[in-house]
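Chain by chain, the residues run as shown.
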Amino acid sequence: MGDVASNESVLGRAALSRARRVVVKLGSALLTNDGRGLDDPAIGGWVDQVAALHQRGVEVVLVSSGAVAAGMVRLGWQARPSAVHELQAAAAVGQNGLTQCYEQHFARHDMLTAQILLTHDDLSNRKRYLNALSALRTLVGMRVVPVINENDTVVTDEIRFGDNDTLGALVANLLEADALLLLTDQDGLFDADPRHHPEAQLISEGRADDPRLAAVAGSGGALGRGGMTTKVRAAQLAARSGAVTVIANGRQPDVITRLMAGESLGSLLYPEQAPIAARKRWLAGQLQVRGTLVLDPGAVKVLRDKGSSLLAVGVRNVQGSFKRGDMVACVDEKGMTVAKGLVNYGADEARLLAGQPSHQIEAILGYVEAHELIHRDNLVVV
Ligand SMILES: Nc1ncnc2c1ncn2[C@@H]1O[C@H](COP(=O)(O)OP(=O)(O)O)[C@@H](O)[C@H]1O
Ligand SMILES: N[C@@H](CCC(=O)OP(=O)(O)O)C(=O)O
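Source: prediction; values computed, not measured. (Residues numbered from 1 in each chain as written. Chains lettered and ligands numbered in written order. Predicted model: local features only at pLDDT ≥ 70, side-chain atom pairs only at ≥ 80, totals over all residues. Heavy atoms only, no water.)

**A short note on the nonpolar core**
As a rule of thumb, soluble globular proteins bury nonpolar side chains together. In this structure, Trp46, Leu62, Tyr102, Leu181, Leu183 and Ile256 are the most contacted members of the largest nonpolar core, which totals 45 residues. Excluding residues that lie within four positions of it along the chain, Leu62 makes contacts with Val24, Leu26, Val50, Tyr102, Phe106, Val145, Pro146, Val147 and Ile148. Counting 42 residues, the second largest nonpolar core, distinct from the first, contains Leu136, Val144, Leu174 and Leu182. (Core = buried A, V, L, I, M, F, W, Y, C linked by side-chain atoms within 4.5 Å. Buried < 20%, exposed > 50% of the residue type's maximum accessible area, 1.4 Å probe, protein only. Contact = heavy atoms within 4.5 Å.)

**So, the UniProt feature "binding site: substrate" (unreviewed entry) in the protein**
As recorded in UniProt, the feature "binding site: substrate" (unreviewed entry) lies at Ser65, Asp152 and Asn164. Spanning 100 residues, the named residues nonetheless gather at one spot, since no C-alpha pair among them exceeds 10.8 Å. Structurally, Asp152 is set in the loop between strand 4 (145–150) and helix 9 (157–161). For Asp152, a relative accessible area of 10% gives the class buried. Looking at where Asn164 falls in the secondary structure, it is placed in the loop between helix 9 and helix 10 (165–175). On the accessibility criterion, Asn164 (4% relative accessible area) is buried. Dropping the residues within four chain positions of it, Asn164 is found in contact with Lys25, Val63, Ser64, Ser65, Asn149 and Glu150. (UniProt positions renumbered as here; feature names shortened; annotations may be inferred. Helix = DSSP H or I, 4+ residues; strand = E, 2+ residues; numbered from the N terminus.)

**Concerning the side chain of Thr119**
Within the fold, Thr119 resides in the loop between strand 3 (113–118) and helix 7 (120–124). Note on Thr119: relative accessible area 8%, which makes it buried. With residues near it in sequence (within four places) discarded, Thr119 still touches Asn151, Val154 and Val155.

**Structural notes on the site of ligand 1**
Taken together, 25 residues are adjacent to ligand 1, and Thr184, Phe190, Arg195, Gly227 and Lys231 come closest. At a separation of 2.9 Å, an oxygen atom of ligand 1 approaches a polar side-chain atom of Asp185. Within the side chain of Arg195, one N or O atom sits 2.7 Å away from an oxygen atom of ligand 1. About the coverage of ligand 1: the protein hides 99% of its 570 Å² of free accessible area. Breaking the shell around ligand 1 down by element, the ones donating at least two residues are helix 3 (28–31) and helix 12 (227–240). Ranked by the residues each element gives to the shell around ligand 1, the list is headed by helix 12, at 3 residues. Of the residues belonging to the shell around ligand 1, the class tally is 7 nonpolar, 12 polar and 6 charged. (Near = heavy atom within 4 Å. Polar contact = N/O pair within 3.5 Å; in protein donor to acceptor, adjacent residues only side chain to side chain. Areas by Shrake-Rupley, 256 points an atom, 1.4 Å probe, with all protein chains shown as cover. Nonpolar A, V, L, I, M, F, W, Y, C, P; charged D, E, K, R; others polar.)

**Remarks on the domain arrangement of the protein**
Partitioning the protein into structural domains gives domain 1 (7–278) and domain 2 (289–381). In this structure, domain 1 and domain 2 have C-alpha centres spaced 35 Å apart. Taken residue by residue, the interface counts 9 residues in domain 1 and 9 residues in domain 2. Between domain 1 and domain 2 the total buried area reaches about 740 Å² when both faces are included, carbon and sulfur atoms providing 45% of it. For the pair domain 1 and domain 2, the interface holds 1 salt bridge. Notably, a salt bridge pairs Asp377 with Arg137, separated by 3.3 Å at the nearest N-O pair. (Domains from an automatic or database assignment. Buried area = accessible area lost by both parts, 1.4 Å probe. Salt bridge = Lys/Arg side-chain N within 4 Å of Asp/Glu carboxyl O.)

**Here's the deal with helix 4 (residues 40–55)**
Here helix 4 is 16 residues long and its end C-alpha atoms lie 22 Å apart, about the 22 Å a rise of 1.5 Å per residue gives. Every buried residue of helix 4 is listed here: Ala42, Ile43, Gly44, Trp46, Val47, Gln49, Val50, Ala51, Leu53 and His54. Each element contacted by the buried residues of helix 4 is listed here: strand 1 (21–26), helix 3, strand 2 (59–64), helix 6 (84–107), strand 4 and helix 13 (255–260). Two residues or fewer after helix 4 comes Gly57, characterised by a positive phi angle close to 95°. (Expected span 1.5 Å × (residues − 1).)

Pasting the structure below:
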């Protein structure tokens, strides 16, 4: 379905072999040994592959489901409960087992993991978005593997629908990952649900926003429930920031390694636009501008010529009232817009910091949220 056309070289399988940052999502249907609890040896196998990628310098962030299913086994429950509070209880019990399991396997490779529990709301709230971003960036920079799941204790919709695919895509947007791998219990997206239609054909490639893909995607099985509907939607979300998505069978031997070598497995859903253009458009379209930073000529030059982060020292004047995480415009002294970006400090703090070197931030504010006023990854030069 769909043709790969001219996007193939930039956004197709070859993009995976060049990827530097990848989000790997392991679904409930895959992780839990048909409902018999966490499949520990299989998790060990995925961890080995992630460790090998890590060794090659690829940054990997895991999004792992399985808390509810693992908790059900620990609590001796035979069937997935339908009451939300019981699902939440099972998730809370199971999340411990999940964390332990990853920690033990990564420890075999002398690698540290970090548990991060997020909700979709965390990623749409500007301040918490930036907080999550800086924590994740710091972890990845320290070569720690974040293992993310939904914070099931405080959500109801997500746990009812069993959808970590969306979370995987939002994390791919957040980190501007090159690829999102959705590993599940089927070989990929078929033209009909293969559980009910054994003759269904695998769709090996398509454009993420092709409406025909959404039309063939159905819901999931008893454990994970988002099915292919949420996976195709996740691919569309991931495409906003230029990431390619692959839906593949986690049970295939060495699946992560082979996908990352560019092998044609599963269903590849690629974005319409090349990554850089897609990311800039995504960031630029994010929000209304809430304030203005007037830059000195030196800052204008480094932003334009080098794509550097904006430091407080290059800011002459701060206008408007904005909060940390809001979008602000950066203008030159004639008022021409130079860039737009997500600001790390609110307007009051930014006024205190304007013109000051970064090493003074702690002395001025009593804390350091970030060394730059706007990080270059959150800045679009216009
Ligand atoms: N067109 C389709 N192609 C493949 N699988 C489909 C399709 N439509 C529905 N499904 C179902 O989606 C399930 C995978 O989704 P889900 O159970 O939510 O997995 P996970 O827990 O890995 O997210 C498959 O087992 C399959 O029954
Ligand atoms: N967050 C929950 C449910 C998430 C879930 O099952 O999602 P999915 O793997 O996309 O079907 C858990 O860890 O069990």
